[in-house]
Amino acid sequence: MTWYPPRTLVLSWFGLLALLGLTVFAAYQPLGTFNTVVALAIATGKALLIAAIFMELRQRNGLVIAFAGAGFFWLSIMLWLASSDYATRANFPPT
Amino acid sequence: MPETPAFQFVDLRQQHAVAQLGMWTFLATEVLFFGNLILAYCVYRSAYPDGFAEAARHTQIAIGTANTAILLTSSFLVAWAVALVRLNAGRIAAILFAGAAALACIFLLLKGLEYRIEYTEHLVPGFFFTFGGPNQTSAWLFFSFYFVATGVHALHVGIGIVVLVVIALKARCGAYSARYHAPASVAGLYWHFVDLIWVFLFALIYLPGRAS
């Protein structure tokens, strides 16, 4: 019986730490608006790694993935409707 | 040990599948719970980009980065432990679960240290908050989000520590096996989710405004 960690887990762990280093490095580069884009893109990449490997979604069937995706689906509706509200207000932020 | 399923299930496989779906349903509500906070953050950050950038520069990025690495590592330990539980290696898995809980305690200690620094720098809204310059109000909003979001997240970490310790003790007593391991893997799901939320909080709290 082997107690060594599965290779995929170790690689994901190293990958996550590398992405952490990358995102901190990128935060200090003067990229303007792209700083936020890069930070959120790397965060999403890390989240996908955690969900697919650590939370084992890549081995799960469609039903579990639908349940896992449901929260994010409703979250995207909330973000979409709320941001279309604030983006179209005549006086926001209030002055 | 429960090698037979509860009466409403055909077999342990079905019982395990239901436990997984139940945890994912709970996590979906957690996504919306933290999503509301993040939505409020996005609205105010788009309204006051300069104030948020300046306020974010006052956060402790060294502690934040260390804490992110700590949570990612503890998540890795839990994923490894769940894999071992399925190989009937409960005693080694117990050490890994306990290690993950210990890392979570270090996370909370560092978080407390960070709160202490912010308290001495008068960055706690409601407790002599002072932030010089034109961005006083937006910095107040930023730090309100910071304390609510990290506070609620720390509560989740605290609950996670209790869960991990219980799972470690039960794994050590041989409660889980290749056939029956639903509590361990479902607890793992919760712990990875706490890690996942932190990944986004880290990007929103510590990283803005560093380049300017």
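Residues numbered from 1 in each chain as written. Chains lettered and ligands numbered in written order. Predicted model: local features only at pLDDT ≥ 70, side-chain atom pairs only at ≥ 80, totals over all residues. Heavy atoms only, no water.

Chemist: Would you explain the overall build of chain B in this entry?
Modeler: Per the secondary structure count, chain B includes 6 helices and 0 strands. Each of the three principal axes of chain B carries a C-alpha extent, and together these read 65 × 30 × 30 Å. Within chain B, the fraction of its 212 residues that count as buried is 56%. Roughly 8700 Å² of accessible area belongs to chain B as shown, and the carbon and sulfur atoms make up 70% of that amount. Within chain B, one finds 11 positive and 9 negative side-chain charges whose respective centroids are separated by 11 Å. (Helix = DSSP H or I, 4+ residues; strand = E, 2+ residues; numbered from the N terminus. Buried < 20%, exposed > 50% of the residue type's maximum accessible area, 1.4 Å probe, protein only. Areas by Shrake-Rupley, 256 points an atom, 1.4 Å probe, with all protein chains shown as cover. Lys, Arg positive; Asp, Glu negative; His and termini not counted. Charge placed at Lys NZ, Arg CZ, Asp CG, Glu CD.)

Chemist: Help me understand the interface of chain A and chain B in this model?
Modeler: Interface extent is often summarised as the accessible area lost during association of the parts. At the interface, 47 residues of chain A touch 44 residues of chain B. Roughly 4100 Å² of surface becomes buried between chain A and chain B when both sides are summed, with 82% attributable to carbon and sulfur atoms. The tally of links between chain A and chain B comes to 1 salt bridge. For A:Glu56, the salt bridge identified is with B:Arg86, shortest N-O distance 2.8 Å. (Contact = heavy atoms within 4.5 Å. Buried area = accessible area lost by both parts, 1.4 Å probe. Salt bridge = Lys/Arg side-chain N within 4 Å of Asp/Glu carboxyl O.)

Chemist: Please explain the side chain of B:Arg45 as it appears in this structure.
Modeler: Mapped onto the elements, B:Arg45 comes out in helix α1 (residues 12-47). For B:Arg45, which is buried and forms no salt bridge, the nearest opposite charge comes from B:Asp50, at a distance of 9.4 Å. Only 2.9 Å separates the side chain of B:Arg45 from the side chain of A:Thr36, close enough to count as a polar contact. Once residues lying within four places of it in the same chain are set aside, the contact partners of B:Arg45 are A:Thr36, B:Phe52, B:Leu204 and B:Pro208. (Polar contact = N/O pair within 3.5 Å; in protein donor to acceptor, adjacent residues only side chain to side chain.)

Chemist: For this particular structure, what's the right way to read the domain arrangement of chain A?
Modeler: Partitioning chain A into structural domains gives domain 1 (1-59) and domain 2 (61-95). For domain 1 of chain A and domain 2 of chain A, the distance between their C-alpha centres works out to 23 Å. (Domains from an automatic or database assignment.)

Chemist: What exactly am I supposed to notice about helix α1 (residues 7-27) of chain A here?
Modeler: Helical geometry note: an α-helix holds 3.6 residues per turn, so side chains three or four residues apart project in the same direction. With 21 residues, α1(A) ought to run about 30 Å at 1.5 Å a step, and its terminal C-alpha atoms sit 30 Å apart, in line with that. When we look at burial in α1(A), the residues that qualify are A:Leu9, A:Val10, A:Ser12, A:Trp13, A:Leu16, A:Leu20, A:Thr23, A:Val24, A:Ala26 and A:Ala27. Residues of α1(A) that are buried make contact with α2 (34-54) of chain A together with α3 (61-85) and α6 (182-205) of chain B. (Expected span 1.5 Å × (residues − 1).)

Chemist: Sorry, what's going on with the packing of aromatic side chains here?
Modeler: Two numbers describe a pair of aromatic rings. These are the distance of the centres and the angle of the planes. All names here are of chain B. Summed over the entire model, instances satisfying the criterion amount to 21 aromatic pairs over all chains. Consider the rings of Trp198 and Tyr206, whose centres lie 6.1 Å apart with planes at 55 degrees: the pair is tilted. Overall, Tyr206 belongs to the buried group, its relative accessible area being 0%. (Phe/Tyr/Trp six-rings, centres within 6.5 Å; stacked < 30°, edge-to-face > 60°.)

Chemist: Sorry if this is basic, but what is going on with the environment of B:Pro49 here?
Modeler: Looking at the secondary structure, you find B:Pro49 in helix α2 (residues 49-57). Expressed as a C-alpha distance, the spacing of B:Pro49 and B:Arg116, which sit 67 residues apart in the sequence, is 26 Å.

Chemist: Help me out: how do you make sense of the environment of B:Tyr44 in this one?
Modeler: Residue and element names in this part refer to chain B. Mapped onto the elements, Tyr44 comes out in helix α1. By relative accessible area, Tyr44 is classed as partly exposed at 35%. With 98 residues separating them along the chain, Tyr44 and Phe142 place their C-alpha atoms 8.2 Å apart. Discounting residues that sit within four places of it in the chain, Tyr44 has contacts with Phe52 and Leu141.

Chemist: What am I meant to see in the confidence of the model for chain A here?
Modeler: Regions with low pLDDT carry predicted coordinates that are not meant to be interpreted in detail. Per-residue pLDDT for chain A averages 90, and the proportion of residues at 70 or more is 99%. Of all the helices and strands in chain A, helix α3 (residues 62-87) of chain A carries the lowest mean pLDDT, 92, while α1(A) carries the highest, 94. (pLDDT = per-residue confidence, 0-100.)

Chemist: Teacher, can you tell me more about unusual backbone geometry here?
Modeler: Most peptide bonds take the trans form, and the phi angle of most residues other than glycine is negative. Its identity as a non-glycine residue notwithstanding, A:Glu56 has a phi of 60 degrees, on the positive side. Mapped onto the elements of the fold, A:Glu56 is located in the loop between α2 and α3. Of note in the backbone geometry, B:His122 takes a positive phi value of approximately 60 degrees without being a glycine. Position of B:His122 relative to the elements: it lies in the loop between α4 (90-120) and α5 (136-172).

Chemist: What am I meant to see in the state of the cysteines here?
Modeler: Residues and elements named next belong to chain B. For the structure shown, the criterion picks out 0 disulfides over all chains. With no disulfide of its own, Cys105 lies 20 Å from the sulfur of Cys173, the closest cysteine sulfur. Here Cys105 falls in the partly exposed class, since its relative accessible area comes to 36%. Owing to a relative accessible area of 67%, Cys173 belongs among the exposed residues under this scheme. (Disulfide = S-S within 2.5 Å.)

Chemist: Please clarify how the nonpolar core should be interpreted in this entry.
Modeler: Soluble, globular proteins show a tendency: their nonpolar side chains are buried together. Counting residues in hydrophobic clusters, the biggest one holds 95 residues, and the most contacted among them are A:Met55, B:Phe97, B:Phe142 and B:Phe143. When residues of this core are assigned to their parent elements, the largest contribution, 17 residues, is made by α6(B). Looking at which domains feed residues into this core, each of domain 1 (1-59) and domain 2 (61-95) of chain A gives three or more. Among all residues touching B:Phe142, those that are not within four sequence positions of it are B:Tyr41, B:Phe52, B:Ala55, B:Ala56, B:Thr59, B:Leu204 and B:Ile205. (Core = buried A, V, L, I, M, F, W, Y, C linked by side-chain atoms within 4.5 Å.)

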